[in-house]
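Notes for the structure review
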Amino acid sequence: MIPKYRLVYEAILQDINSPTRASLKLPTERALCAQHDVSRQTVREALSILEKDGIITKHQGDGIYIRKSYFSARNRIALLIDTAEEYIYPEMISSLKDKLLQEGFSLKIYETGNSPVKEAEILGRLLNSHIRGIISIPIMNSMPCAATILYQKLSSKGINVVFWRGVYPNLTNFPSVGPDDQTLSFRLTNEILSTKTKPHGIFFKDSLPGRNRYLGFMQALIDREVPIEDQ
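A word on the packing of helix H2 (residues 29–36) against helix H3 (residues 40–52). Helices that pack against each other are described as a pair by the angle of their axes relative to one another and the distance between those axes. Where H2 contacts H3, the two axes come as close as 9 Å, and the packing angle between them is 110°. One finds that H2 runs roughly perpendicular with respect to H3. For the pair H2 and H3, contact is made by Glu-29, Arg-30, Leu-32 and Cys-33 and by Arg-40, Val-43, Arg-44 and Leu-47, respectively. Tallied by class, residues from the contact of H2 with H3 come to four nonpolar, no polar and four charged.

Here's what the structure looks like:
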């Protein structure tokens, strides 16, 4: 028969490792006794093991806290990007790391290489990890993405997913952060058309942001009654 203190230990550890946990502070001993319907001695034995394992620390007169070193290692945020080499990413990654560290989180970067297969492979590994959240830049092509099923599975486990610079069409209920590409492109095109020297063309990637930029581009041309050419 498993000792009660061990059952309480496992229950507290499961709570600590929960994907939805955001606070370092644990309930008081009294609250843990009521929560698990055990004596204070049983709770203290469980907490003693957690403390020896380097998972928690007790602050006299303040409460019981998860150690930041343990929390940040288990409280990891995954960043999925196509490549860390693109010029816009280093500053963003540095800012993210600093902000997450202040909150007791750590950041791990995964490069998809703009490959749907690679993205699905990474997400499959994350399903069985202790990841707490995912910031993802969608694969930059217009084909349907099988990885969206994995994003839904991760979300159902309580792992928060936020998209940056676009979102997959069948995941529009997921939060996303990014510029208003259509409006920005509309304003830029109007600015270009206002100059005396007309450009020979504007280039767009076949990507999620690229399509929105193209919409803004066409809107500006139509408003100014400028012919749209295929090339």
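Turning our attention to the environment of Gly-113. Note that Gly-113 resides in the loop between strand E4 (106–111) and helix H6 (116–127). Exposure remark for Gly-113: the relative accessible area of 54% places this residue in the exposed category. For the pair Gly-113 and Ala-84, spaced 29 residues apart in sequence, the C-alpha separation works out to 9.5 Å. Those residues in contact with Gly-113, other than ones at most four positions away along the chain, are Ile-81 and Asp-82.

The next point concerns the pattern of salt bridges. All told, the structure shown has seven salt bridges when counted by the stated rule. Measuring nitrogen to oxygen at the nearest pair gives 3.9 Å for the salt bridge that ties Glu-29 to Lys-58. Of this pair, Glu-29 sits in helix H2 while Lys-58 sits in strand E1 (residues 56–59), and the two are 29 residues apart along the sequence. Residue Lys-58 is classed as partly exposed on the basis of its relative accessible area of 34%. Here Glu-121 and Lys-118 are joined by a salt bridge, their closest N and O atoms 3.8 Å apart.

All right, on to helix H8 (residues 181–193) then. With 13 residues, H8 extends 18 Å between its outermost C-alpha atoms, agreeing within 8% with the 18 Å of an ideal straight helix rising 1.5 Å per residue. Looking at H8, one finds that the buried residues are Asp-181, Ser-185, Thr-189, Asn-190 and Leu-193. Across the axial projection of H8, the buried residues extend over an arc of 160°, all falling on one side. Opposite the buried face of H8, at more than 90 degrees from it, the exposed residues are Arg-187, Leu-188 and Glu-191.

Here we come to the sheet that holds strand E6 (residues 160–164). Across the sheet, five strands lie side by side as E4-E3-E5-E6-E7; this open sheet has parallel pairing. What marks the edges here is a single partner per strand, and that holds for E4 and strand E7 (176–177). Two strands pair when backbone bridges link them, and strand E3 (residues 76–81) and E4 are joined in this way by six bridges, in the parallel orientation. Residue Ile-81 lies in a different strand from E4, and its bridge partner there is Glu-111.

What counts and how
Residues numbered from 1 in each chain as written. Predicted model: local features only at pLDDT ≥ 70, side-chain atom pairs only at ≥ 80, totals over all residues. Heavy atoms only, no water. Axes fitted to C-alpha atoms, helices over the stretch in contact; angles between N-to-C directions. Helix = DSSP H or I, 4+ residues; strand = E, 2+ residues; numbered from the N terminus. Parallel < 35°, antiparallel > 145°, perpendicular 65-115°, else oblique. Contact = heavy atoms within 4.5 Å. Nonpolar A, V, L, I, M, F, W, Y, C, P; charged D, E, K, R; others polar. Buried < 20%, exposed > 50% of the residue type's maximum accessible area, 1.4 Å probe, protein only. Salt bridge = Lys/Arg side-chain N within 4 Å of Asp/Glu carboxyl O. Expected span 1.5 Å × (residues − 1). Arc of directions from axis to C-beta. Pairing = 2+ DSSP bridges.

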